[in-house]
2 protein chains.
Amino acid sequence: MKTRSESKLFGGLQGVYSHYSECCSCEMTFGLFMPERSGSVPLLWFLSGLTCTHENAMTKSGLQAWAARTGLAVIFPDTSPRGDAAADSPDYDLGQGAGFYVNASQQPWARHFRMWDYISSELRELIAANFPISRQAQGITGHSMGGHGALTLAIRNSEKFRSVSAFAPIANPVASDWGRKQFDAYLGDNRENWELHDASVLLKRIGYPGTILIDQGSSDQFLDLLRPQALLDSIGRRSQPAKFNFRAGYDHSYFFISTFAGDHVRHHARVLNAL
Amino acid sequence: MKTRSESKLFGGLQGVYSHYSECCSCEMTFGLFMPERSGSVPLLWFLSGLTCTHENAMTKSGLQAWAARTGLAVIFPDTSPRGDAAADSPDYDLGQGAGFYVNASQQPWARHFRMWDYISSELRELIAANFPISRQAQGITGHSMGGHGALTLAIRNSEKFRSVSAFAPIANPVASDWGRKQFDAYLGDNRENWELHDASVLLKRIGYPGTILIDQGSSDQFLDLLRPQALLDSIGRRSQPAKFNFRAGYDHSYFFISTFAGDHVRHHARVLNAL
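Just so it is clear, the structure is predicted and the values come from calculations on it, not from any experiment. (Residues numbered from 1 in each chain as written. Chains lettered and ligands numbered in written order. Predicted model: local features only at pLDDT ≥ 70, side-chain atom pairs only at ≥ 80, totals over all residues. Heavy atoms only, no water.)

Participant: Any chance you could break down the sheet that holds strand E9 (residues 242–247) of chain A for me, citing the residues and the numbers?
Facilitator: All names here are of chain A. Across the sheet, nine strands lie side by side as E1-E2-E3-E5-E4-E6-E7-E8-E9; this open sheet has mixed pairing. Here the strands that pair on one side only, and so sit at the sheet edges, are strand E1 (2–9) and E9. Mean inter-strand twist for the sheet, computed between neighbouring axes without regard to direction, equals 20°. Direction of pairing for strand E8 (residues 212–217) relative to E9: parallel, over a ladder of six bridges. Directly across from Leu213, in E9, lies its bridge partner Lys243. Helix H4 (residues 145–156) rests against strand E4 (41–47), strand E6 (133–142), strand E7 (163–167) and E8 of the sheet, and its axis sits at about 135° to E6. Contacting E4, E6, E7, E8 and E9, helix H10 (residues 254–272) crosses the sheet at an angle of about 175° to E7. (Pairing = 2+ DSSP bridges. Helix = DSSP H or I, 4+ residues; strand = E, 2+ residues; numbered from the N terminus. Axes fitted to C-alpha atoms, helices over the stretch in contact; angles between N-to-C directions. Contact = heavy atoms within 4.5 Å.)

Participant: Pulling in residues and values, what's your account of unusual backbone geometry?
Facilitator: Residues and elements named next belong to chain A. Cis geometry is adopted by the peptide bond preceding Pro108, which originates at Gln107 and carries an omega value of 5°. Checked against the element boundaries, Pro108 lands in the loop between strand E5 (73–77) and helix H3 (115–130). With phi around 60°, Phe100 is a residue other than glycine that occupies positive phi space. Relative to the helices and strands, Phe100 is located in the loop between E5 and H3. Residue classification places Phe100 among the buried positions, given a relative accessible area of 0%. (Buried < 20%, exposed > 50% of the residue type's maximum accessible area, 1.4 Å probe, protein only.)

Participant: An account of the side chain of Ser61 of chain A is requested, with residue identities and associated values reported.
Facilitator: All names here are of chain A. Along the chain, the position of Ser61 falls in the loop between helix H1 (55–60) and helix H2 (63–70). In this structure Ser61 comes out as buried when scored by relative accessible area, which is 0%. At 2.7 Å, the side chain of Ser61 forms a polar contact with the backbone oxygen of Ala57. Within the structure, Ser61 has its side chain in polar contact with the backbone nitrogen of Leu63 (distance 3.2 Å). With residues near it in sequence (within four places) discarded, Ser61 still touches Asn56, Phe76, Tyr254, Ile257, Ser258 and Ala261. (Polar contact = N/O pair within 3.5 Å; in protein donor to acceptor, adjacent residues only side chain to side chain.)

Participant: Go over the packing of aromatic side chains, please, and point to the residues and values.
Facilitator: Counted under the stated rule, the structure contains 32 aromatic pairs over all chains. Centroid distance Tyr250 of chain A to Phe260 of chain A: 5.0 Å. Interplanar angle 70°. Geometry classified as edge-to-face. Placement of the pair is Tyr250 of chain A in the loop between E9 and H10 and Phe260 of chain A in helix H10, with a sequence separation of 10 residues. Tyr250 of chain A gets classed as buried once you look at its relative accessible area, which sits at 5%. With 5.5 Å between their ring centres and 55° between their planes, Phe244 of chain B and Phe246 of chain B make a pair best called tilted. Phe246 of chain B sits in the partly exposed class, given a relative accessible area of 41%. (Phe/Tyr/Trp six-rings, centres within 6.5 Å; stacked < 30°, edge-to-face > 60°.)

Participant: Give a detailed account of helix H4 (residues 145–156) of chain B, specifying residues and quantitative values.
Facilitator: Note on helix geometry: an α-helix contains 3.6 residues per turn, so any two residues three or four positions apart are oriented the same way. Here H4 of chain B contains 12 residues, and its C-alpha end-to-end distance of 17 Å stays within 8% of the 16 Å for a straight helix at 1.5 Å per residue. In terms of burial, H4 of chain B is largely enclosed, as 11 of its 12 residues are buried. (Expected span 1.5 Å × (residues − 1).)

What follows is the structure, encoded as C-alpha cells:
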C-alpha cells in the first residue's frame, strides 16, 4: 500500500492511498479519513456515483466534519478499475467510472470489473490490516450509483455492514436506463442475476435488520432514472424499518449531499458506536 | 446578469451567475450562496487563491454550512479575467487564475486585469442591485492569494468591509516570489505601488478598525512564500487587535480551510449581524 497524500482535517487525518488489487487486477486508489480517536475505530463506507473517483466525495461531501465529531472513520473507494489495462467504453455510464458495484461475468469486463468483491472483501481486509479500524462496526452509504451499491451490498451482507443509508440511490436499476445497459454488459442477459443487484427487489425479498435512511431531492433532475417509487413500494410491502426523506427543492448535486451529510453520519454513528 | 445554475443548499440557494464586466472588459462568473433569511442579508466575500476559479471554494470549503446557520450570504468571485480576449501567461502564478487583486497598469495586463476595482466596486454594486444584500454589513476573507486580497482590500476600504479574516494569506508579497513577479508584471517597477498591496506593510501603516482573524497551518508547504512572520511583526508593532492561530500540523489545502471555516464564519457573523 502506498501513501499518496495525507492532510490534517478536523483534528484527524485525510489520507489518499493506492495498492495493487488482486481482485480488479490493477492499481486502485482510495481516500480514508481517520478521526482523532484511540482504539478500534468504527468505519463508514461512502460509495460514489457515475463519473466520480475516490476524490469527489472526499473533497465535496463535508462528511468528515461530522465523522470527526462522532468518532467515525470514512473510506472513499474509487468507482471502478482504472488505467489502460482495464477495459473502458466511450460512454460516461459504462466502464471506467461506472463499475456499478458488481462482479462482471462478461467480456471485456470480467477480468477487472469486480467491484462487489473489491468492496466487500479485498478492500475491507486491506484497511483492517493497515489501520486501527473495527472489523465489527462498519456501515455503508453512497450517492446515486453509490447509493445503489450501498443498499445492495448492505442487504446481502448485513453482517458486514451493520448500518446503511443512501443519498438519491439508483433504486431500481433493472427497470432503468441506469442499470439495464450496464447489467446487460457486465452480467449478461439472465435477469435473475440482475435482480441480485437491485435494491428494490432485494429489499422486498430479504429486508435489512436495521433502519434504512434514505434522502432524495424532490427536484432531482434524474428522478425517472433513480426510481425512488420502487424503493418506497418495497419499504411499504415489507414494513421495512426506514426513514425516507423526500427533500423539497433539492437536486442531485453534492450540495444536496453536504446538506444532509450530518444526518447520515449521525444515523451510522448511533448504530456503530453502540456495537 | 445570467443565471448559470442554482441548487438548494442548507435550506438556502447556491447560485452561479455571469455578467459582462465593464471593469475587466470580459464576461465574469461568480458563485453566490443566499441563506434562507428575509430582509437585508449580511454578506461575506471569499477570495480564492492561485489557479482557482469561482468554483473551488464554493464546492470544497464548507463555508455555506456555517453561513446558513448564522444567516450570512457568501460570494465566491473568480480570481482573474478569463477567456481568449484577456492576456495570459503559461505560468500558473501569472495571468488567468492569478489576478492578485490589483489594477494592472502595465501591458498586456492593463485592459482586463482590474480585480481591485472589480471586487471593491463593480461586483459590489451588481449584487446589491440584484440580490437582497445589505450594503452596510459586508465582511471579507480568502485563502492564500485570496487572503492577501481580503486583507489589503479590507485595510484600505474598512468602511466597505466591516470584518476581515484570512486563511494562510500571502502576507508580505513585496518580499516573496508570490508577489514580486506579479507586481512587477502588473504594476511596474515602482515599489511604492507594490506596498499599497502588501498586507504587512499596510497593516503597520494604517491598521484596521476591528479584530483581524488569521488561521495558518504550521505544516503549510508554502510558509516561505506566505511569510506569516511579517504579518505577526506588524500586528505586534501596531498592537493591532487580532487573533492569529498557528494550527499545528495543518497544510495549505482546502482540508485546512474547511476545518476552520466555522470559526471564520462565526467571526464575521458576530460583527455583521450586529450592524
